[in-house]
Every structure is written in C-alpha cells, then in structure tokens.
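# Report on the structure
One-letter residues, chain by chain:
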Amino acid sequence: MTHPEPDAPVDGTGCFQARTLSNPYVKPVNTPHELTLTKIVATLGPASHSPEMISSLIREGVRVFRINFSHGGFPEHLESFRRVREAGLQLDEHIGVLGDLCGPKIRVGHQADEGTALTEGTQVAFIPESLDAVAAKVALGGAIPLKVGFDGFIGETRAGHRILLDDGTMELRAVEQRAMEGGEALVCEVVVGGVLKSNKGINFPDTDLTVPAMTEYDCRCLDFAVEHGFDFIALSFVRTAADVRQLKDYLRKLGVRPARPREKEDRREPVSAFGSEWRAFMPVIAKIEKPQALDNLEAIVSEADTIMVARGDLGVEMDVAQVPVLQKRIIATCHDFGKPVIVATQMLQSMIDSPVPTRAEVSDVANAIFDGADAVMLSGETAVGRFPVKTVQMVRRIARRTNAHLRSLPMSTTTPVNARESRFRTAALAHGVKVVVRDLSARLVVMWSELGGGASYLSQVRMTVPVLAFSSSREALRRMSVMFGVTPLYMECPTDSNEFLRQVDRLLVERGWACEDEPVVMVAGQPFGRPGVTNTLRIHHIGES
C-alpha cells in the first residue's frame, strides 16, 4: 500500500504522487498523473486522430479533445469522436469532446497551386464568386481579382480601412468600391505583399461587418454535434452577447439547453450554468477574438458558459502587443463571473516542428496558468505537429511546476463577485469549503456532484487542492473535464453520505491519494444524491466510521 506524504511531489498539471517504500520520491515528470489542476485541451488532426495516439495523449494528461469543423467532413469527425469515446472508456477517464464552429470566417477563393503573388503598391480587387475573373480583371484595369464566397464586406468596407490576409502576413488598404456588370468590386492597394494561397482568411480590423453569428454550415455542424453527443460547443467570432443567445436558442430547439432562459435578475438562481435542474445540456464556449467582443466583454462572459481567449485572430485584428494585457483582462472578468476560461493559440507553436519549445513559449504557458486559466489549449501542435505526445508532456511539466508554486503561496479566500452577489447557497458553501481547507491544511476535497453544478462552484473559488467530484452521470463527468482543480470520478449513487464516505475511503487508500486519519473535506447534499442540492460540509478523517 502507498501513502502520499505531506510534501509529496506534485505531478502533471498539479497532481499528488504517492511515495512508495521502494521509491520514496516518485519522479513526477514521466509518470502518469491523475489529480489535475490545470486542464489540457488538444486539437485533433492528421497527426493525432489514430486510436493509439488518442490513448497516448489521454495518458499524458489531455482531458478535452477539440474537433475543428473548419477542416474535414462529418464522416471524419464522427470517426474521431468515436475514437475519443472508446479510448476514454478503455482508460476509465471522462474525456470531453469540444466541437469548434467555423463561424463567419471570410476567406479568399481558389488560387493557383503556386499561389498569387501580391506586390507592394499594386492593386487587387475582391469580387463576388459568381463573376468571371478574366473579364473582371479587364474591367478593373488590370487589378488582380480575388474571388470571395461571402461578399457582403465589399459594400461595408470604406476607403482607408485595413484588410489583412493569411493571419496578418499581408496587408491591403481599401481604395474604393467600383460597380461592375453583375456585382460590385472592392479595389485595394497592397501595402505588405506576399504569396496568397487558396482559402486563406481575411480580417477587417477597421470595419464593423454585419455578418451573421452563425452560418448555415454552422447549423449543420450543431445538428451533427447534438446528434452524436458532443460535450461542448465553441462559437467563433463572437461580437455581442446576442450572438451567444442565438446559439443557445438554437441548442434549445434541439433539446440540449433548458426549456426557458434563466432570469438573470433573480438572485435566488445560481450563476453556474453547469448542472442545476436539467440533464440534457451542452455548454457554450464563447471565443473572444474580435475587437467588438472586448467592447461587450462583461455581457458576453455573463451569457456564455465558458470563455476561450482565442489569441490567433485577436492578435491579427488588434495590436499584437495588446494581447497579453487583454488576456489578463479576459481571465479576470471570467473569475469575477465564475466562468471557466481556456487560453488558446500558439502555446507551444515551435513544437509543430521541434521536439523542444522556446523558453518564451514555456513562460507563456506558465503565465497563462498564473493569470488563472482553467485550461490551456494546443492547436496545430497536436493537430498537424510532428511531436504531439512530447508537446502534451511539456505542457504537463510546465503546469506541474507552476501549480506547485501556486500551492506554496498563501491561499486566498476571495470568491467570484457574481457568486457573492447571487447569495446562492452552493456558492456560499464553496467559499466555506475554501476557508476550512485552508485552516485544516486539507489536501483533498471530495464531493457528490450529480450534474456538475456543485463541482463548478468549488472550481470557481480556485482552491489549489484537488477536488474529487463523484457522479453517476458520465455526461456530467465529461462536462467537468474543463474545470480547474476538478477530477471527475464515476460512482453509482450511494444510499447515504456514510456509504459514500466508506467507498471514498477505500478508493483514496487504494490509489495512494490519502492515508489513514488524514483529514479531507466532504461536500454533498441532503437528501443525498438529489440533483441541484448541495448543502452539507463535513470534515472527515480517512477510516473513521
């Protein structure tokens, strides 16, 4: 039998590692971890979609897999989804699957295989897809025609507005709209040239476009995600809270949101969207990547269930030097509202081609955790990179060291502003749990959280000790996969709290997570197992009857 010592090393993203008589100091770097604090999200792609690779990434600490609907078709997405589910069952881990909607991303049309050379000082013209490119070039006096599928921006972009291509590597400046037979063209001057390839993105940092929050293809993706049981859905290019409400209304029609919206002004209602009274529930992740979203940040955070700091397009549409400051502001706002937050894009970008990251990238991941990210997300590193396993291992190592430092600091007893204002009993109880954990120096919190609401509140107060959240709902356990500090564990619903603690004692001792007489804090509800009721805090010593 193994027992963790008080100063046992912390592994992975902040977990306890048991010591053994044969190995009193378990090496934390290359050993599997279980009790995570900071979660890891990985994007699936050609480099990571095989069953063997998915299983390897789970073993190394991935707790949510992202399926990007911008690439591939539904048959491929379904295969990836099923492989994640199978691997989770085989490894007895509750792994979330996140479907990432494309949103109204504007892209250039097909270009020649070698690309189209754009030279500084020359003119190009965006034209509707329906127009003939050769005839348009003649009519436009030799300007290079660039076809676009969505051409609404042509009439909304004003002279002098910047237009960025391919993640900002090329820059145009709008000159004029010009009427043509069969449509309208937007003539631009090339400011920064380059070679433009097919389907590259177009950004409009100076133009407030009236594009829909969701496209027809997004709706088809939502139908697919709901049909097959995805755990999260991410909305791209959010600009206002109304965009989030539109998505929630669509999900409501599909039966995976509550039948009626929660009344925000009713302070008796909980501020957590996870759990509560409904079981069929798909959390919405709002991606902050537009300047307009920052103007409406508080309203968006209030409306969404989770936030993603999508630094890619955010760094294109705004001064890249602002991104670190904006990241801190977004995370702080999420903390005020008690919402999980994921930091994404170029976390370890160099590891797409290199087995080791740069020192700056290591600091970036650590600083995201210090800022208070619930999870960090890998994109191209695991989707198309050469070293997906090494990349996840590196995130795990960075998070382990960062979380260990956070554990060494005095534990704050502050709670989210909105949770305090709500006066909801579970939010108040979560605050009390944090105070008791600090005063007892308890190393674990165990709780019964049937639908995940209680676990969400304990995650919001950001204790630097693991929360073992038990439930008989595998769907709820997967929704906990993005919550800071929460380890979801399956258990058939016990008859009462005493039976629950007997099973917990046995599990903690068997896995080496606690030893006899060690104090843990137990949180549950009376009557036991009833969803939406978390009202009991109990100090329990392992092994006591």
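Starting afresh in each chain, residues are numbered from 1 along the sequence in its written order. Reporting in this predicted model follows two pLDDT cut-offs: at least 70 for local features of residues, and 80 or more for side-chain atom pairs to be given and counted; totals over whole chains, interfaces and linings ignore these cut-offs and use all residues. As a rule here, side-chain values come from all non-hydrogen atoms in the structure, and water together with hydrogens is ignored.

## Points about the overall build of the protein
For clarity, the cut-off: A run of DSSP states H or I qualifies as a helix once it reaches four residues; a run of E qualifies as a strand once it reaches two. Both are numbered from the N-terminal end. Categorising residues by exposure relies on relative accessible area from a 1.4 Å probe, with only protein chains included: less than 20% of the type maximum marks a residue as buried, more than 50% marks it as exposed, and the intermediate range marks it as partly exposed. We call two residues contacting when some pair of their heavy atoms lies within 4.5 Å. For every accessible area listed, the method is Shrake-Rupley and the probe measures 1.4 Å; residues are considered covered only by the protein chains on display.
Summing up its helical and strand segments, the protein has 17 helices and 24 strands in all. The burial tally for the protein puts 58% of its 545 residues in the buried class. Taking as baseline every contact in the protein between residues at least 6 positions apart, the subset at least 24 positions apart corresponds to 68%. Carbon and sulfur atoms form 51% of the exposed surface of the protein, whose accessible area is close to 22,100 Å².

## Describing the packing of aromatic side chains
Defined as follows: Any two rings among Phe, Tyr and Trp, with Trp reduced to its six-membered ring, count as a pair given centres within 6.5 Å; such a pair is stacked if its planes are under 30 degrees apart, edge-to-face if over 60, and tilted if neither. The criterion is that NZ of a Lys, or CZ of an Arg, lies within 6 Å of the ring centre and within 35 degrees of the ring normal, and then a charge sits over that ring.
Throughout the structure, instances matching the rule amount to eleven aromatic pairs. An angle of 65° between the planes, with centres 5.8 Å apart, marks the rings of F224 and F230 as edge-to-face. Accessibility classification places F224 together with F230 in one group, the buried group. Following the ring pairs from residue to residue traces out a cluster consisting of F69, F74, F81, Y217, F224 and F230. When the ring centre of F484 is taken as reference, the NZ or CZ atom of R462 above it lies at 4.0 Å.

## A look at the pattern of salt bridges
Applied cut-off: The salt bridge definition used is simple: a Lys or Arg side-chain nitrogen within 4 Å of an Asp or Glu carboxyl oxygen.
With the rule as written, the count across this model stands at 24 salt bridges. Among the salt bridges present, the one from K328 reaches D371, with a minimum N-O distance of 2.6 Å. With K328 in helix 9 (residues 323-337) and D371 in helix 10 (residues 359-371), this pair connects stretches of sequence that are 43 residues apart. With a closest N to O distance of 3.1 Å, R502 and E499 form a salt bridge. Pair noted here: R502 and E499 are both in helix 17 (residues 497-510), with a separation of three residues, about one helical turn. Its relative accessible area of 47% is what places R502 among the partly exposed residues. Each of R66, D100 and K287 takes part in salt bridges that share partners, so that together they form one network.

## Some remarks on helix 12 (residues 388-408)
To keep things clear, this is the line we draw: Residue count minus one, scaled by 1.5 Å, sets the expected span of a helix.
With 21 residues, helix 12 extends 31 Å between its outermost C-alpha atoms, agreeing within 8% with the 30 Å of an ideal straight helix rising 1.5 Å per residue. What helix 12 keeps buried is the set P388, T391, V392, M394, V395, R396, I398, A399, R400, T402, N403 and L406.

## Here we look at the sheet that holds strand 11 (residues 170-180)
Let me state the cut-off plainly: The criterion for strand pairing is that DSSP finds at least two bridges linking the strands in question.
Spatially, seven strands are ordered 6-14-10-11-12-8-9 in an open sheet, and the strand pairing comes out mixed. Edge strands, defined here as strands with exactly one partner in the open sheet, are strand 6 (106-107) and strand 9 (144-148). Bridge count between strand 8 (residues 123-128) and strand 9: five bridges; the pairing is parallel. Looking at the pairing, V124 lines up with I144 of strand 9.

## Observations regarding the environment of V195
Tracing the backbone through its elements, the reader meets V195 in strand 13 (residues 194-196). Among all residues touching V195, those that are not within four sequence positions of it are E114, G115, T116, A117 and M170.

## Looking at the packing of helix 1 (residues 51-60) against helix 2 (residues 74-91)
Rules: Between N-to-C directions, angles cover 0 to 180 degrees, with each direction set by a line fitted to C-alpha atoms, over the stretch in contact for helices. Each angle gets one of four labels, with under 35 degrees taken as roughly parallel, over 145 as roughly antiparallel, 65 to 115 as roughly perpendicular, and the rest as oblique. Left-handed describes a crossing in which the near helix is turned anticlockwise from the far one by less than a right angle; the clockwise case is right-handed. Residues are grouped as follows: Ala, Val, Leu, Ile, Met, Phe, Trp, Tyr, Cys and Pro are nonpolar; Asp, Glu, Lys and Arg are charged; all remaining types, including Gly, are polar.
With their axes 9 Å apart at the nearest point, helix 1 and helix 2 run at an angle of 50° to one another. Overall, the two elements helix 1 and helix 2 adopt an arrangement that is oblique. Taken as a pair, helix 1 and helix 2 cross one another with a handedness that is right-handed. Touching P51, I54, S55, I58 and R59 of helix 1 are S80, R83, V84, A87, G88 and L91, all from helix 2. Here the residues of the contact of helix 1 with helix 2 sort into six nonpolar, three polar and two charged.

## So, empty space enclosed by the protein
If a probe the size of a water molecule is rolled over the atoms, the empty space left behind becomes visible. How we decide: Computed over the protein atoms alone on a 1 Å grid, cavities are sets of points where a 1.4 Å probe fits but cannot get out and pockets are open sets with protein on both sides within 12 Å along at least five of seven lines; a residue lines them when it has an atom within 4 Å of a point. Grid points are joined across faces, edges and corners, and a volume is the space filled by probe spheres set on the points.
This structure, assessed with the given rule, holds one cavity of 30 Å³ or more. At the level of elements, strand 14 (201-203) and helix 8 (311-317) are the ones that each hand at least two residues to the lining of the largest cavity. Of the residues contributing to the lining of the largest cavity, the split by class is seven nonpolar, three polar and five charged.

## Notes on the pairing of strand 3 (residues 39-43)
In terms of residue burial, strand 3 counts as a mostly covered element, since five of its five residues are buried. Burial of strand 3 is two-sided: the residues K39, V41 and T43 facing one way and the residues I40 and A42 facing the other way are all buried. Taken together, the four bridges between strand 3 and strand 19 (residues 375-378) define a ladder with parallel strand orientation. Bridge assignment links V41 to a residue of strand 19, and that residue is M377.

## Quick look at the sheet that holds strand 19
Here we have eight strands rolled up into a closed barrel, ordered 3-4-5-15-16-17-18-19, and parallel in their pairing. Strand-to-strand twist across the sheet, computed as the mean angle between neighbouring axes with direction ignored, equals 25°. Direction of pairing for strand 3 relative to strand 4 (residues 62-68): parallel, over a ladder of four bridges. Its bridge partner lying in strand 4, V41 is registered against V64.

## Notes on the pairing of strand 18 (residues 341-344)
So the rule is basically this: We call a crossover right-handed when, viewed with both strands directed away from the observer, the connection leading from the first strand over the helix to the second proceeds clockwise.
Neither face of strand 18 is open: one carries V341 and V343, the other I342 and A344, and all of them are buried. Pairing geometry for strand 17 (residues 306-310) and strand 18, over four bridges, is parallel. Across the sheet, residue M308 finds its bridge partner in strand 18, namely I342. Bridging between strand 18 and strand 19 involves three bridges; their strand directions are parallel. Its bridge partner lying in strand 19, I342 is registered against A375. Running through helix 10, the crossover from strand 18 to the neighbouring parallel element strand 19 is right-handed.

## Details of the environment of M411
In this structure, M411 sits in the loop between helix 12 and helix 13 (417-422). In this structure M411 comes out as buried when scored by relative accessible area, which is 18%. Apart from residues lying up to four places away in sequence, M411 is in contact with K434, V437, R438, M463, T464 and V465.

## Considering the state of the cysteines
Worth spelling out the cut-off: We call a pair of cysteine sulfur atoms a disulfide when they lie within 2.5 Å.
By the definition in use, this model includes zero disulfides. A disulfide-free cysteine, C102 has its sulfur positioned 5.4 Å from the sulfur of C221, the nearest such atom. Overall, the relative accessible area of 14% leaves C102 in the buried class.

## Let's talk about the confidence of the model for the protein
Filter applied, for reference: Confidence of the predictor at the level of single residues is given by pLDDT, which spans 0 to 100.
Per-residue confidence for the protein averages 87 on the pLDDT scale, and 87% of its residues sit at or above 70. Between residues 1-33, whose pLDDT stays under 50, and residues either more than four places distant or in other chains, the model counts 92 contacts. This stretch, residues 263-271, has a pLDDT under 50; its non-local contacts, to residues over four places away or in other chains, come to 20 contacts.

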